[in-house]
Amino acid sequence: MSKKHIEDSVRDNLEAYFRDLRGTEPDGLYEMVIRVVEKPLLDVVMQHAGHNQSRAAEWLGMNRNTLRKKLQEHKLL
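Rules and cut-offs
- Residues numbered from 1 in each chain as written.
- Predicted model: local features only at pLDDT ≥ 70, side-chain atom pairs only at ≥ 80, totals over all residues.
- Heavy atoms only, no water.
- Axes fitted to C-alpha atoms, helices over the stretch in contact; angles between N-to-C directions.
- Helix = DSSP H or I, 4+ residues; strand = E, 2+ residues; numbered from the N terminus.
- Parallel < 35°, antiparallel > 145°, perpendicular 65-115°, else oblique.
- Contact = heavy atoms within 4.5 Å.
- Nonpolar A, V, L, I, M, F, W, Y, C, P; charged D, E, K, R; others polar.
- Phe/Tyr/Trp six-rings, centres within 6.5 Å; stacked < 30°, edge-to-face > 60°.
- Polar contact = N/O pair within 3.5 Å; in protein donor to acceptor, adjacent residues only side chain to side chain.
- Core = buried A, V, L, I, M, F, W, Y, C linked by side-chain atoms within 4.5 Å.
- Buried < 20%, exposed > 50% of the residue type's maximum accessible area, 1.4 Å probe, protein only.

**So, the packing of helix α3 (residues 53–60) against helix α4 (residues 64–73)**
Piece 1. For the pair α3 and α4, interaxial distance at closest approach is 9 Å and the crossing angle is 100°. With respect to α4, the axis of α3 lies roughly perpendicular. Contacts between α3 and α4 involve Gln53, Ser54, Ala56, Ala57 and Leu60 from the first element and Arg64, Leu67, Arg68 and Leu71 from the second.
Piece 2. Class assignment for the residues of the contact of α3 with α4 results in 5 nonpolar, 2 polar and 2 charged.

Structure, rendered in structure tokens:
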């Protein structure tokens, strides 16, 4: 089995999304994608960081306070 990159998975899912639209134009696509990717990203990183917010923030390349705000927004605290 070959390695599949995250970018390939995102691309495949976006292509499927457009197929499912059957010609209907999407609205707010950027916000929708960010919203549906951000929550599982934060959840998985927090699990792998042992729920250490400082470590997770460093891995994500963001400020710890920003991470905490995003965790609260997604109800992951």
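**A closer look at the packing of aromatic side chains**
Piece 1. Enumeration according to the criterion identifies 1 aromatic pair in this entry.
Piece 2. Ring geometry for Tyr17 and Phe18: centres 5.9 Å apart, planes at 85°, overall edge-to-face.

**Description of α4**
Piece 1. Put simply, Asn63 is the residue that caps the front of α4, since its side-chain oxygen is 2.6 Å from the backbone nitrogen of Asn65.
Piece 2. The first or second residue beyond α4 is Lys75, which carries a positive phi of 55°.

**Considerations on the nonpolar core**
Piece 1. Core analysis: the largest hydrophobic core is formed by 8 residues, namely Leu42, Val45, Met46, Ala49, Ala56, Ala57, Leu67 and Leu71.
Piece 2. Elements with a minimum of two residues in this core: α2 (29–48), α3 and α4.
Piece 3. When residues of this core are assigned to their parent elements, the largest contribution, 3 residues, is made by α2.
Piece 4. In contact with Ala57, not counting residues within four places along its chain, are Met62, Asn63, Arg64 and Leu67.

**Quick notes on the side chain of Gln53**
Piece 1. Within the fold, Gln53 resides in helix α3.
Piece 2. Relative accessible area serves as the criterion here: at 13%, Gln53 is assigned to the buried category.
Piece 3. If we ignore the near neighbours within four places in the chain, the residues touching Gln53 are Met46, Arg64, Leu67, Arg68, Leu71 and Leu77.

**Examining the environment of Arg11**
Piece 1. Within the secondary structure, Arg11 sits in helix α1 (residues 6–21).
Piece 2. On a C-alpha basis, the gap between Arg11 and Glu38 in space is 16 Å, while along the polypeptide they are 27 residues apart.

Keep in mind that these numbers describe shape and distance, not what the molecule does.
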